[in-house]
Amino acid sequence: MIVQLVLSGLALGSMYALVALGYNITYATSQTVNFSQGQSVMVGAVVAYALYVGAGWPLVPSVLATLIALAVFGVLVERVAVRPFLRASSIAWLLATIALGIIAENVAMLVFGKDARAFPSSLAVKPWMVLGAGVYPHELLVPLVGIALMVLVELAFRRTLAGRALRAVAFSHDAARLMGIDVTRTISAAYALSSVLAGVAGILLAPLLNVSATMGTTIGLKAFAVAIIGGIESARGIVVAGILYGIAESIVAGYLGTGVREIIGFALVVLVLLARPWGLFGVPTPRRV
Amino acid sequence: MRHLKLLGLLILLPSVLVLQAATGWTQAKPPITVALVAAMSGGSALSGEAIKRGLTVAIDEINARGGLLGGRKVELVIRDEEGNPSKGVTAARDVIEREKAVAVFGGLHSPVGLAMLPVFHELKVPYVGTWAAATAITRNGRSPNFMFRVSANDDIVDHFLAKHVVEKLGKRKPGVILENTPWGASNQEGLTKWFGKLGAPPVGIEKFNWNDPDMSPQLLRLRNGGADALVMVANAPEGAQVVKSRAKIDWNVPMVSHWGISGGRFAELTGALSESVVFVQTYSFFGKQSEVGERVIAALKAKSGIKGPEDILAPVGTANAYDAMHLVALAVEKAGAADGAKIRDALENLGEYRGLIKTYRRPFTPEEHDALTEKDYILVTWRQGKIVPVSTK
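Here the structure is a predicted model, which is why all the values come from computation and not from measurement. (Residues numbered from 1 in each chain as written. Chains lettered and ligands numbered in written order. Predicted model: local features only at pLDDT ≥ 70, side-chain atom pairs only at ≥ 80, totals over all residues.)

**Some thoughts on the overall build of chain B**
Move 1: Secondary structure assignment for chain B yields 13 helices and 14 strands.
Move 2: Since a compact globule built from 393 residues should have a radius of gyration of about 21 Å, the 23 Å found for chain B is in line with a globular shape.
Move 3: For chain B, the spread of C-alpha atoms along the principal axes amounts to about 90 × 55 × 35 Å.
Move 4: By the burial criterion, 52% of the 393 residues in chain B qualify as buried.
Move 5: Counted over contacts in chain B with a minimum sequence separation of 6, partners at least 24 positions apart contribute 68%. (Helix = DSSP H or I, 4+ residues; strand = E, 2+ residues; numbered from the N terminus. Rg over C-alpha atoms; globule rule 2.2 N^0.38 Å. Buried ≥ 20, exposed ≤ 12 C-beta atoms within 10 Å, placed from the backbone. Contact = placed C-beta atoms within 7 Å.)

Here you go:
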């Protein structure tokens, strides 16, 4: 039973991590968070469904086009809901990103319809038996792709010019600007990237979850919890926390019942906020005055 | 030739005038307004749409026959309660006081039906439920009782399912999985009661929330508890996750379900796995149809652009609403007036009606305000994406 629960939690946990990594990227670069990340998950799944199932495109072009749409969505969120408020040093971006997410959800309901649809995957038809536990091959694919992607993002941050620019902006806007980095554009790129990561989670989860306009809301919320627990400034902490959160959720549900799952999960968030506001794996940053 | 045309015109002109006068005369009679207060948006929008279709088909038939009470047309007004009880209360008042509705049809959400109950008693207009199954909507202890229903009743459904599991399948250790909502709670009560009376209390009762992705933890708990049959109360998306998780943990036990899974695209979501679930319906548009059934399908094809029974989503809403509207029409005729209180009295004393779901001998009595009984429920399953009845005899 424990193997079953761990395997079940692994797929979802790695997706929490992927979405939460998006929170980390925008927070690091602009001290803002895109609260429509959950809806980016949905947009990824819905657009991929529309192209792959609806329009009958082959898989690879469908996914590529979806990723472009997600990047555009991310840029749009930043331009409309974050930049105007950031300039005015207002925290209205918080509400504005939530509002944009709700709009996205309702647009999806209008265009896509209200009922859930199935996203076919040949890897989610017959379960495999692994150590006496059943698992769809797709469920194993999800964490593999997720972790590979997270490693890739980390490498890109360290090795590529754009990645270094992003880190520079995260370190200090002024210093980055002095070095000739376009801070505004970099923040815009951070939003595009975070939206793409969430969207990838949506595409990967689509065959396991069903595609619907409301599929992303809970994932977005839990990913935020993960970001808090792992430490929103610590990418590695988020990855570990995401996977652990997914597995813990599954184990709690299996042994104690689903009734207490959310209670324990979000109680943990409050506890972490009280005891270590910088997250379990984060490092407290001295406040720069 | 020209003379002929002129002659034709001369004949045509007066007849057009007479026709206009005639229609003008019937239009002069005030219409009889009935209302639908249901969820027309949100996750259950499909059910509202289905109910509207059923009502519209029936109303068109009635108006084509010349309306009611000597030529008064029936008119439908619709209000969206969004699944929100307080919006339902406002909407019920609005349609009765402003639109002068003489009967109000209800939608899928039981909490809304329960919240509107006092309004109908205060304003003395009958409510006829077409979907919401909560037991207390019709069995409310009021006298006179203004709440009627042409739909399933949770308590009866739970007995129906429990009997099937224990007596037909011979299973004595049912595991129950249901949604964490008032609807789930209503069935938790019914299932616990009826399985208990049949000497086979559930070995476990598990819950899930809407949009929960993976149900294997709950199912593992039931399996470890020794369940030999699975009873489910869920809507289509979550029901699909339950079935997929069950296949994943490779647990093969008979599975029966309440009708929530018929309100969406369950068969599409689960593929071949859908064939492992039997569930309850009040009507099926598949298979051989009665004369009424043929007529309703033809009307739906003409109006809603559907191609066949597989396009009639949420079919019970349409079927229940169709019969409900005709029963209300009969009551209006019997009452002889478009008056809520008189229509209520008439509903309790209707004669035989050959409807879509069945031939109603006496649809309602002062004691029984549910027109459908356990005998009218059918067990169905999916075969290649189509709902087909399964034999329970």
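Back to the write-up after that little detour.
**With respect to the sheet that holds strand 6 (residues 174-179) of chain B**
All names here are of chain B.
Move 1: Spatial ordering of the open sheet is given by 7-6-8-9-10-13-14, a layout of seven strands whose pairing is mixed. What marks the edges here is a single partner per strand, and that holds for strand 7 (204-208) and strand 14 (386-389). For this sheet the average axis-to-axis angle between neighbouring strands, irrespective of direction, equals 30 degrees.
Move 2: The sheet contact formed by strand 10 (residues 277-281) and strand 13 (residues 378-383) spans four bridges and is antiparallel. The residue of strand 13 that forms the bridge with Phe-279 is Val-380.
Move 3: Along the sheet, helix 8 (residues 216-224) contacts strand 6, strand 7 and strand 8 (229-233); its crossing angle with strand 7, the most-contacted strand, is approximately 180 degrees. (Pairing = 2+ DSSP bridges. Axes fitted to C-alpha atoms, helices over the stretch in contact; angles between N-to-C directions.)

**A few points about the interface of chain A and chain B**
Many authors give the size of an interface as the accessible area that is lost as the parts come together.
Move 1: Each partner contributes to the interface: chain A provides 26 residues, whereas chain B provides 27 residues.
Move 2: Those elements giving two or more residues to the side of chain A that touches chain B turn out to be helix 1 (2-30), strand 2 (133-135), helix 8 (183-209) and helix 10 (235-256) of chain A.
Move 3: Here the side of chain A that touches chain B gets four residues from one element, more than from any other, and that element is helix 1 of chain A.

**Remarks on helix 12 (residues 315-335) of chain B**
Residue and element names in this part refer to chain B.
Move 1: Between its first and last C-alpha atoms helix 12 spans 30 Å; for 21 residues at 1.5 Å apiece the expected length is 30 Å, and the two agree.
Move 2: Among the 21 residues in helix 12, 19 count as buried, and that is most of the element.
Move 3: One or two residues past the end of helix 12 sits Gly-336, with phi positive at roughly 75 degrees. (Expected span 1.5 Å × (residues − 1).)

**Regarding the packing of helix 9 (residues 216-230) of chain A against helix 11 (residues 261-275) of chain A**
All names here are of chain A.
Move 1: For the pair helix 9 and helix 11, the least separation of the axes is 9 Å and the interaxial angle reads 35 degrees. Crossing of helix 9 against helix 11: the hand is left-handed. Facing helix 9, whose interface residues are Ala-225, Ile-228 and Ile-229, helix 11 presents Gly-265, Phe-266, Leu-268, Val-269, Val-272 and Leu-273. (Left-handed = near helix turned anticlockwise from the far one by under 90°.)

**Quick word on the sheet that holds strand 5 (residues 147-149) of chain B**
Residue and element names in this part refer to chain B.
Move 1: Pairing is parallel in the open sheet, where five strands are placed in the order 2-1-3-4-5. Of all the strands in the sheet, just strand 2 (74-80) and strand 5 have a single pairing partner and so form its edges. Averaged over all pairs of adjacent strands, the angle between their axes in this sheet comes to 25 degrees, without regard to strand direction.
Move 2: Taken strand by strand, helix 4 (residues 110-123) contacts strand 3 (104-106), strand 4 (127-129) and strand 5, and its axis lies near 160 degrees from that of strand 4.

**Describing the nonpolar core**
Move 1: The biggest cluster of nonpolar side chains holds 211 residues, and the ones touching the most others in it are Met-15, Val-19, Leu-21, Ala-45 and Val-226 of chain A together with Val-104 of chain B.
Move 2: If you tally residues by element for this core, the top one is helix 8 of chain A, at 17 residues.
Move 3: Beyond its immediate chain neighbours, meaning those up to four positions away, Val-226 of chain A contacts Tyr-16, Ala-17, Ala-20, Ile-238, Ala-241, Gly-242 and Tyr-245 of chain A. (Core = buried A, V, L, I, M, F, W, Y, C linked by C-beta atoms within 7 Å.)

**Quick word on the pairing of strand 14 of chain B**
Residues and elements named next belong to chain B.
Move 1: For strand 13 and strand 14, the ladder comprises four bridges, and the chain directions are antiparallel. Considered in strand 14, the bridge of Val-380 is made with Pro-389.
Move 2: Counting the residues between successive antiparallel strands, the hairpin from strand 13 to strand 14 contains two residues, one of them, Gln-384, with a positive phi of roughly 50 degrees.

**Thoughts on the pairing of strand 7 of chain B**
Residues and elements named next belong to chain B.
Move 1: Pairing of strand 6 with strand 7, which is carried by five bridges, proceeds in the parallel orientation. Considered in strand 7, the bridge of Leu-178 is made with Lys-207.
Move 2: For the handedness criterion, the β-α-β arrangement of strand 6, helix 7 (residues 182-197) and strand 7 is classed as right-handed. (Right-handed = clockwise from strand over helix to strand, strands pointing away.)

**Remarks on the environment of Glu-49 of chain B**
Move 1: Position of Glu-49 of chain B among the secondary structure elements: in helix 2 (residues 45-64).
Move 2: The spatial distance from the C-alpha of Glu-49 of chain B to the C-alpha of Ile-62 of chain B is 20 Å, given a sequence separation of 13 residues.

**Concerning unusual backbone geometry**
Move 1: Of note, the amide linkage connecting Ser-143 of chain B to Pro-144 of chain B takes the cis form, showing an omega dihedral of -5 degrees.
Move 2: Looking at the secondary structure, you find Pro-144 of chain B in the loop between helix 5 (135-138) and strand 5.
Move 3: Although it is not a glycine, Asn-210 of chain A sits at a positive phi angle of roughly 85 degrees.
Move 4: Examined against the element boundaries, Asn-210 of chain A turns out to sit in the loop between helix 8 and helix 9.
Move 5: By the C-beta count within 10 Å, which is 28 here, Asn-210 of chain A ends up buried.
Move 6: Backbone geometry places Leu-69 of chain B, a non-glycine residue, at a positive phi of 50 degrees.
Move 7: Taking the number of C-beta atoms within 10 Å as the measure of exposure, Leu-69 of chain B has 15 and is therefore partly exposed.

**Topic: helix 1 of chain A**
All names here are of chain A.
Move 1: The end-to-end C-alpha distance of helix 1, which contains 29 residues, comes to 41 Å, matching closely the 42 Å that a straight helix rising 1.5 Å per residue would cover.
Move 2: For helix 1, the principal kink sits at Leu-10 and spans about 30 degrees.
Move 3: Most of helix 1 is tucked away: 24 of the 29 residues are buried.
Move 4: Looking one or two residues past helix 1, Gln-31 carries a phi angle of roughly 55 degrees, positive in sign. (Bend = angle between axes of the 7 residues up to and from the residue.)

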